[in-house]
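# Structural features, examined
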Amino acid sequence: MEKVPNAVLGLVAFFFGLLLLLVIIPIQVEESPFGDLHEQLGLEILPITLSVGIMGAGIVLFLSALAGHEPTSVDWRVPRRVLKAIVLMIAYYPFLVFLGYTIGTIITFSGLLWVFGERRMRHLTLVPVLVSLCLRWIFVVIFNVRLPRGMLF
């Protein structure tokens, strides 16, 4: 019974990638804002690559579990951090809707830094602000992309 956790996790990852590939990508990816780039490369290239990667990782995890290559001990701090990061990334969408791109990104990035162990206040404030403003400049000025303004700001 020791082989069950990673085997189950591998199957879940495989079917999640398959769900992305067969259902979510065809529904969500409609047309490219870049015109001809869509015809040349295909807008779906990145999500398809990621979903196939998830499926491949699931297969490898499943097969390694069946072969008996289970870890002897699990450091549960890492999965907790990953779960906290996932919760923050899910919360990022409401932050974008209500606070706008810049403030939502600053809050989310600060939270991610905190989750992964950064405790210096200077880094928790300055780095997210600089990264958010640089990304905003790149998207708005270089790529001419309209970013979410937010309902409150």
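Above this text you will find the structure in question.
Residue indices begin from 1 for each chain and proceed along its sequence in written order. Where local features are concerned, this predicted model is filtered to residues with pLDDT of at least 70; where side-chain atom pairs are given and counted, the filter is 80 or more; whole-chain, interface and lining totals use all residues. As a rule here, side-chain values come from all non-hydrogen atoms in the structure, and water together with hydrogens is ignored.

### Some points on the packing of aromatic side chains
Cut-off, in case you're wondering: The rule is short: rings of Phe, Tyr and Trp, with Trp giving its six-membered ring, pair when the centres are within 6.5 Å, and they are stacked under 30 degrees, edge-to-face over 60, tilted in between. Numbering of helices and strands runs from the N terminus, with a helix taken as a DSSP run of H or I at least four residues long and a strand as a DSSP run of E at least two residues long. Relative accessibility thresholds used throughout: buried, under 20% of the residue-type maximum; exposed, over 50%; partly exposed, between the two (1.4 Å probe, protein chains only).
In the structure shown here, the tally under the stated rule is 2 aromatic pairs. With centroids separated by 5.2 Å and ring planes inclined at 80 degrees, the aromatic side chains of Phe14 and Phe15 adopt a geometry described as edge-to-face. Each ring, one from Tyr101 and one from Phe139, has its centre 6.4 Å from the other, and the planes form 90 degrees; the classification is edge-to-face. Of this pair, Tyr101 sits in helix α5 (residues 101-115) while Phe139 sits in helix α6 (residues 121-142); the two residues are 38 residues apart in sequence, bridging distant segments of the chain. The exposure class assigned to Tyr101 is buried, which follows from its relative accessible area of 7%. According to the relative accessible area criterion, Phe139 is partly exposed, its value standing at 31%.

### A short note on the pattern of salt bridges
When the charged atoms of two side chains lie near each other, side chains of opposite charge can form a pair. The line we're drawing: Any carboxyl oxygen of Asp or Glu within 4 Å of a side-chain nitrogen of Lys or Arg constitutes a salt bridge here.
According to the stated counting rule, one finds 1 salt bridge in the structure shown. Here Glu118 makes a salt bridge to Arg120, at a shortest N to O gap of 2.8 Å.

### As for α6
Worth spelling out the cut-off: Here a helix's expected span is defined as the number of its residues, less one, multiplied by 1.5 Å. Any two residues whose heavy atoms approach within 4.5 Å are treated as being in contact.
The end-to-end C-alpha separation of α6 is 31 Å, in line with the 32 Å expected for 22 residues at 1.5 Å each. Where α6 is buried, its residues meet α5. Two residues or fewer past α6, Asn144 is found with a positive phi of approximately 55 degrees.

### What to know about a nonpolar patch on the surface
Formally: Patch membership requires more than 30% relative accessible area and the absence of a salt bridge. Residues of like charge join within 9 Å; the nonpolar side chains Val, Leu, Ile, Met, Phe, Trp and Tyr join within 5 Å. Throughout, the Shrake-Rupley method with a 1.4 Å probe supplies accessible areas, and for residues the shown protein chains are the sole cover considered.
A contiguous nonpolar surface patch, about 800 Å² in accessible area, is contributed by Val127, Val131, Leu135, Trp137, Phe139, Val140, Val141, Ile142, Phe143 and Val145. In this structure, Val140 sits in helix α6. By relative accessible area, Val140 is classed as partly exposed at 35%.

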